[in-house]
Amino acid sequence: SGLVYGYIGHVEYIAKKAKEELGVDKLAVVATGGLGKIIQEGTDVIDYYDPLLTLKGLEMIYRKNKNR
């Protein structure tokens, strides 16, 4: 549980600091990866969860560069 709560704390701190540095009140936070769902369930700072976001991005890059 310490590992999960530690990561939740990291995410909340990073989101807070990013908002401060950017000078905004609202910032979209996206969790990705297989364990992102566990972190999302433990905090309210994550707005979206997509377990395949990284792979989708890599596929987009591949398709864009496929015929070069």
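Owing to the predicted nature of the structure, the values given are computational and were not obtained by experimental measurement. (Residues numbered from 1 in each chain as written. Predicted model: local features only at pLDDT ≥ 70, side-chain atom pairs only at ≥ 80, totals over all residues. Heavy atoms only, no water.)

(A) Inspection of the nonpolar core at higher detail. Core analysis: the biggest nonpolar cluster contains six residues, these being Ile-8, Ala-15, Val-29, Ala-31, Ile-39 and Ile-46. Contact partners of Ile-46, with chain neighbours within four places excluded, come to Val-11, Val-29, Ala-31, Ile-39 and Gln-40. (Core = buried A, V, L, I, M, F, W, Y, C linked by side-chain atoms within 4.5 Å. Buried < 20%, exposed > 50% of the residue type's maximum accessible area, 1.4 Å probe, protein only. Contact = heavy atoms within 4.5 Å.)

(B) Looking closely at helix α1 (residues 2–22). In a regular helix each residue adds 1.5 Å, so 21 residues correspond to 30 Å; α1 covers 30 Å between its end C-alpha atoms and thus fits that length. Positive phi shows up at Gly-23, right after α1, with a value of about 70°. (Helix = DSSP H or I, 4+ residues; strand = E, 2+ residues; numbered from the N terminus. Expected span 1.5 Å × (residues − 1).)

(C) Spotlight on the layout of surface pockets. Within this model, the largest pocket holds a volume of roughly 270 Å³. Along the walls of the largest pocket sit 13 residues, with Tyr-7, Val-11, Leu-35, Gly-36 and Ile-39 positioned nearest its centre. Listed by contribution, the elements that provide at least two residues to the lining of the largest pocket are α1, β1 (30–32) and α2 (36–41). No other element matches the four residues that α1 contributes to the lining of the largest pocket. Grouping the constituent residues of the lining of the largest pocket by class yields eleven nonpolar, two polar and no charged. (1 Å grid on protein atoms, 1.4 Å probe; cavity = no way out; pocket = protein on both sides within 12 Å on 5 of 7 lines; lining within 4 Å. Points joined across faces, edges and corners; volume = space filled by probe spheres on them. Nonpolar A, V, L, I, M, F, W, Y, C, P; charged D, E, K, R; others polar.)

(D) Region of interest: the side chain of Asp-50. Along the chain, Asp-50 turns up in strand β2 (residues 48–50). Residue Asp-50 is classed as buried on the basis of its relative accessible area of 18%. Within the structure, the side chain of Asp-50 is placed 3.0 Å from the backbone nitrogen of Leu-52, a separation counted as a polar contact. When near neighbours in sequence (up to four residues on either side) are disregarded, Asp-50 contacts Ala-31, Thr-32, Gly-33 and Lys-56. (Polar contact = N/O pair within 3.5 Å; in protein donor to acceptor, adjacent residues only side chain to side chain.)

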